Amino acid sequence: MSLAPRVKGVFARPLAEYVLRELDPLVAKQGFGEASLLMQWREIVGARVADICAPERLQWPARARKPAPGKPQEPASLVLRVEPGFGLEIQHMAPAIIDRVNAHLGWRCVARVALRQQTLAPQTGKKRPRPSLADPAARARAEAATEGVDEEALRAALVRLGEKALAARRKA
């Protein structure tokens, strides 16, 4: 049994590593220590909250010239842009938002939330494509190809995948 020689030092890295590394100095100007809070906001607070508010900056309290030894750093205030009309709702949800942000960052970084009512930019994410009309011939071929799969959920997923692949091939 022979193994192919391994190439040292050549590894594929996710693009996100490079993007976050380049964004970190830019977001530091807004008081954020890293870009992950901005990039993963929807995952941190949930889709419902992310649709009506977004982080704008972290405001850190002024530091003394000579801090007292053993005195911990004061936590920051998270400034959120909130859609007009949702300020009260976000204000009531502030303790939960603070807990989620602090859990994401791994330390007690945020102590309070300040709100700025301002319309958010529209989401530019991909919209789900409309389902195309089903091709019965493609579905039949996909079902025939997956007859040997016992697990029902896996079989259904493979049929959907095969149906789309066969329909796309037919259109091309």
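Higher on the page you've got the structure.
For every chain, the first residue of its written sequence is number 1, and the numbers climb from 1 along that sequence. The model is predicted, so local features are restricted to residues of pLDDT at least 70 and side-chain atom pairs to those at 80 or more, both for listing and for counting; the totals for chains, interfaces and linings are taken over all residues. Working from all heavy atoms in the structure, the side-chain values ignore hydrogens and water.

**Here we look at a nonpolar patch on the surface**
Consideration 1: Each patch groups residues whose relative accessible area exceeds 30% and which form no salt bridge, using 9 Å between like charges and 5 Å between nonpolar side chains of Val, Leu, Ile, Met, Phe, Trp and Tyr. Areas reported as accessible are Shrake-Rupley estimates using a 1.4 Å probe. Residue values count occlusion only from the protein chains shown. The working definition used for a salt bridge is a side-chain nitrogen of Lys or Arg within 4 Å of a carboxyl oxygen of Asp or Glu. A surface patch of nonpolar side chains, about 260 Å² in accessible area, is lined by Leu154, Leu158 and Leu161.
Consideration 2: Structurally, Leu161 can be placed in helix 7 (residues 152–171).
Consideration 3: The rule is simple: take the accessible area with a 1.4 Å probe, protein chains only, and divide by the maximum for that residue type; under 20% is buried, over 50% is exposed, in between is partly exposed. A residue is classified by how much of its surface remains accessible, and Leu161, at 57% relative accessible area, is exposed. Helix numbering and strand numbering both begin at the N terminus, where a helix is a DSSP run of H or I of at least 4 residues and a strand a DSSP run of E of at least 2.

**Digging into helix 5 (residues 87–105)**
Consideration 1: A residue's bend is given by the angle between axes fitted to the 7 residues ending at it and the 7 residues starting at it. A bend of about 55° at Met93 is the largest found in helix 5, and the proline Pro95 appears one to four places after it.
Consideration 2: Where helix 5 is concerned, the buried positions are Gly87, Ile90, Ala94, Ile97, Ile98, Val101 and Asn102.

**What to know about the sheet that holds strand 2 (residues 76–82)**
Consideration 1: In this analysis, strands are considered paired if DSSP registers two or more bridges between them. Strand order in the open sheet formed by three strands is 1-2-3, with mixed pairing between adjacent strands. With partners counted over all chains shown, the strands left at the sheet margins are strand 1 (53–59) and strand 3 (110–117), one partner each. Within the sheet, the average angular offset between the axes of one strand and its neighbour, ignoring direction, is 30°.
Consideration 2: One ladder, built from seven bridges, connects strand 2 with strand 3; its direction is parallel. Bridging across to strand 3, Leu80 finds its partner in Leu115.
Consideration 3: The sheet strands contacting helix 5 are strand 1, strand 2 and strand 3, and the helix crosses strand 3 at an angle near 145°. Angles here are taken between N-to-C directions and fall from 0 to 180 degrees, while the axes themselves are lines fitted to C-alpha atoms, restricted in helices to the stretch in contact. Any two residues whose heavy atoms approach within 4.5 Å at even a single point are treated as in contact.

**Comments concerning the nonpolar core**
Consideration 1: Here the nonpolar core consists of buried residues drawn from Ala, Val, Leu, Ile, Met, Phe, Trp, Tyr and Cys, with membership extended through side-chain atoms lying within 4.5 Å. By size, the foremost hydrophobic cluster in this structure holds 21 residues, and its most contacted members are Trp41, Leu78, Leu80, Ile90, Ile97 and Val101.
Consideration 2: Of all the secondary-structure elements, those providing two or more residues to this core are helix 3 (41–45), helix 4 (47–50), strand 1, strand 2, helix 5 and strand 3.
Consideration 3: No other element matches helix 5, which puts five residues into this core.

**A closer look at the pairing of strand 1**
Consideration 1: For strand 1, the buried fraction is high: five of the seven residues fall into the buried class.
Consideration 2: Alignment of strand 1 against strand 2, held across six bridges, turns out to be antiparallel. When the sheet's bridge partners are listed, Pro55 is paired in strand 2 with Leu80.

**Here we look at the packing of aromatic side chains**
In this description, a pair of aromatic rings is defined by centroid distance and the angle of the planes.
Consideration 1: Note on ring pairs: Phe, Tyr and Trp rings are taken, using the six-membered ring of Trp, and paired if centres are within 6.5 Å. Classes follow the plane angle, with under 30 degrees stacked, over 60 edge-to-face and the rest tilted. Enumeration over the complete set of coordinates arrives at one aromatic pair.
Consideration 2: When the centroid spacing of 6.1 Å and the interplanar angle of 10° are considered together, the rings of Trp60 and Trp107 count as stacked. Taken together, the positions of Trp60 in the loop between strand 1 and strand 2 and Trp107 in the loop between helix 5 and strand 3 put the pair 47 residues apart, joining distant regions of the chain.
Consideration 3: On the accessibility criterion, Trp60 (34% relative accessible area) is partly exposed.
Consideration 4: Among the residues examined, Trp107 registers a relative accessible area of 42% and is labelled partly exposed.

**Structural notes on the pattern of salt bridges**
Consideration 1: All chains considered together, the criterion is met by five salt bridges.
Consideration 2: Close ionic contact of Glu89 with Arg48 constitutes a salt bridge, the shortest N to O distance being 2.5 Å. Pair noted here: Glu89 is in helix 5 and Arg48 is in helix 4, with a separation of 41 residues, a long-range link.
Consideration 3: By relative accessible area, Arg48 is classed as exposed at 56%.

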